[in-house]
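So the chains spell out like this:
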Amino acid sequence: MCPTLLSLLSLGFCVSLRTWAAVGEYDKPSLSAWPSPMVPLGQTVTLQCHFRSPFKIFRLFKTDGASLPELHGNHFNNFTLGPVTREHAGSYTCSGFSRSPFEFSRHSDPLQIVVTGVFTKPSISAHPSPLMRAGENVTLRCHSLLWFDEFILHQENSTGNFQRRGQMLTGGHVPADFSIGPMTLASAGTYRCYGSFSHSPYVWSAPSDPVDIIISGRSRKPSLSAQGGPLVRSEENVTLVCSSESAFDQFHLLKETEDLGHLLSVGWGPRGALQAEFPLGPGTPAHSGVYRCYGSFTRSPYSWSDPSDPLFLSVTGSTTSSCPSTMDPHTTEEARLLQGHSSQLHLLLRLSVAFIYTSIFLAVLVCHCLPTKTHQQRM
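Quick look at the structure, then. Because the structure is predicted, anything quoted here is derived from the model rather than measured. (Residues numbered from 1 in each chain as written. Predicted model: local features only at pLDDT ≥ 70, side-chain atom pairs only at ≥ 80, totals over all residues. Heavy atoms only, no water.)

**Regarding the environment of Phe151**
Okay, so step 1: Relative to the helices and strands, Phe151 resides in strand E12 (residues 150–156).
Okay, so step 2: Under the relative-accessibility criterion, Phe151 is labelled buried at 1%.
Okay, so step 3: Distance in space between the C-alpha atoms of Phe151 and Asp177 is 9.4 Å, their sequence separation being 26 residues. (Helix = DSSP H or I, 4+ residues; strand = E, 2+ residues; numbered from the N terminus. Buried < 20%, exposed > 50% of the residue type's maximum accessible area, 1.4 Å probe, protein only.)

Structural data, given as structure tokens:
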């Protein structure tokens, strides 16, 4: 009995050693997600476990212990997850597996799958401005009416790559301020923020609207002018022209802090300068203001030139008539008062004329009657 027991124990020990040797013999696999580990609600994502031979199949595990029926069983090369729900959000690992000989790898490092769009999007704003110079700091503020206690900031750079730039716990209904800087070309890009709750860290809101952080002052300033001059009569077409001797292939027009857009197509202007025309349409008082333009290159969309000198545009004309509008309540009241005074004057004039005529008639009557009485007395 004892020799048999010892033999079984020795066999089990040898199998265990062989198993541990098989596990440790190969490098652990890696797990990736395509197109991205951030998956919008209702979309799909492909998970792929990368490992070396002899493994031909792999197993997928969700590390939070949640059981997803589609994860059961063995998979070849890749596995499509979705359409995703909030239950798919979480941390995943994979392991290579071979039946003959019976071998399996260690688990991969965890991969976080984030499901976005579960909650309404927050808002994002840049302070003091989204247009900064090198070395300055900009603060990106994320805010939501929902009581998110966590905000996540993401950046998309000129190569189209996304990276997480920050994560902040706020305690609920408090905006999160992310400080970016000192500004460099690597700091410029398109930023979005997401909101989430700490008890569900992989379930995020929809992304905020994007805000572009631009670094200016990278090249010489262009010049800005208005066709026909900066004084424009109302309803006349307004066209602003931005030109530069630098070989910019993109120009941007801003009115004070309002971005009016950019032009990709440019042409040659006088004396060989590149120029772009910005037609603003028929002039209205709303077009009056201070304008500047910038130049840039499409290969570096977040790097702009110095601003042009300011252009002061003034729109004047008949549409800004000095005559008061009858729809203005103050003007209407004044008109009523004037009309009332005019009526009173007319009445006074009529009474005065009537009084004068009456006085003359009475005077004539008195003068006619007095001689008659005097004559009768003498008789």
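**Here we look at the state of the cysteines**
A covalent bond bridging the sulfur atoms of two cysteines is what the word disulfide describes.
Okay, so step 1: By the definition in use, this model includes 2 disulfides.
Okay, so step 2: Paired by a disulfide, Cys49 and Cys94 hold their sulfur atoms 2.0 Å apart. Its S-S torsion of about 70° marks the bond between Cys49 and Cys94 as right-handed, since a negative value means left-handed. Residue Cys49 is located in strand E3 (residues 45–50), and its partner Cys94 is located in strand E6 (residues 90–98); the two are separated by 45 residues in the primary sequence. Both residues of the pair, Cys49 and Cys94, count as buried. (Disulfide = S-S within 2.5 Å.)

**Details of the pairing of E12**
Okay, so step 1: Burial analysis of E12 places 6 of its 7 residues in the buried class, the great majority of the element.
Okay, so step 2: As judged from the 7 bridges shared by E12 and strand E15 (residues 189–197), these two strands associate in the antiparallel manner. Following the sheet pairing, Glu150 is matched in E15 by Ser196. (Pairing = 2+ DSSP bridges.)

**Some words on the packing of aromatic side chains**
In this description, an aromatic ring pair is defined by two values, namely the gap between the centres and the angle between the planes.
Okay, so step 1: Taken as a whole and judged by the stated rule, the model has 8 aromatic pairs.
Okay, so step 2: Ring plane angle 50° and centroid distance 5.1 Å describe the contact between Phe148 and Phe197, whose orientation is recorded as tilted. In this pair, Phe148 sits in the loop between strand E11 (138–143) and E12 while Phe197 sits in strand E15, placing the two residues 49 residues apart along the sequence. Comparing Phe148 with Phe197, the two get one shared label, buried.
Okay, so step 3: Their ring planes at 50° and their centres at 5.1 Å tell us that Tyr194 and Trp204 sit as a pair that is tilted. (Phe/Tyr/Trp six-rings, centres within 6.5 Å; stacked < 30°, edge-to-face > 60°.)

**Some points on the side chain of Ser105**
Okay, so step 1: Turning to its location among the elements, Ser105 is positioned in the loop between strand E7 (103–104) and strand E8 (111–119).
Okay, so step 2: The class of Ser105 is buried, set by a relative accessible area of 2%.
Okay, so step 3: One polar contact links the side chain of Ser105 to the main-chain amide nitrogen of Gly96, over a distance of 2.8 Å. (Polar contact = N/O pair within 3.5 Å; in protein donor to acceptor, adjacent residues only side chain to side chain.)

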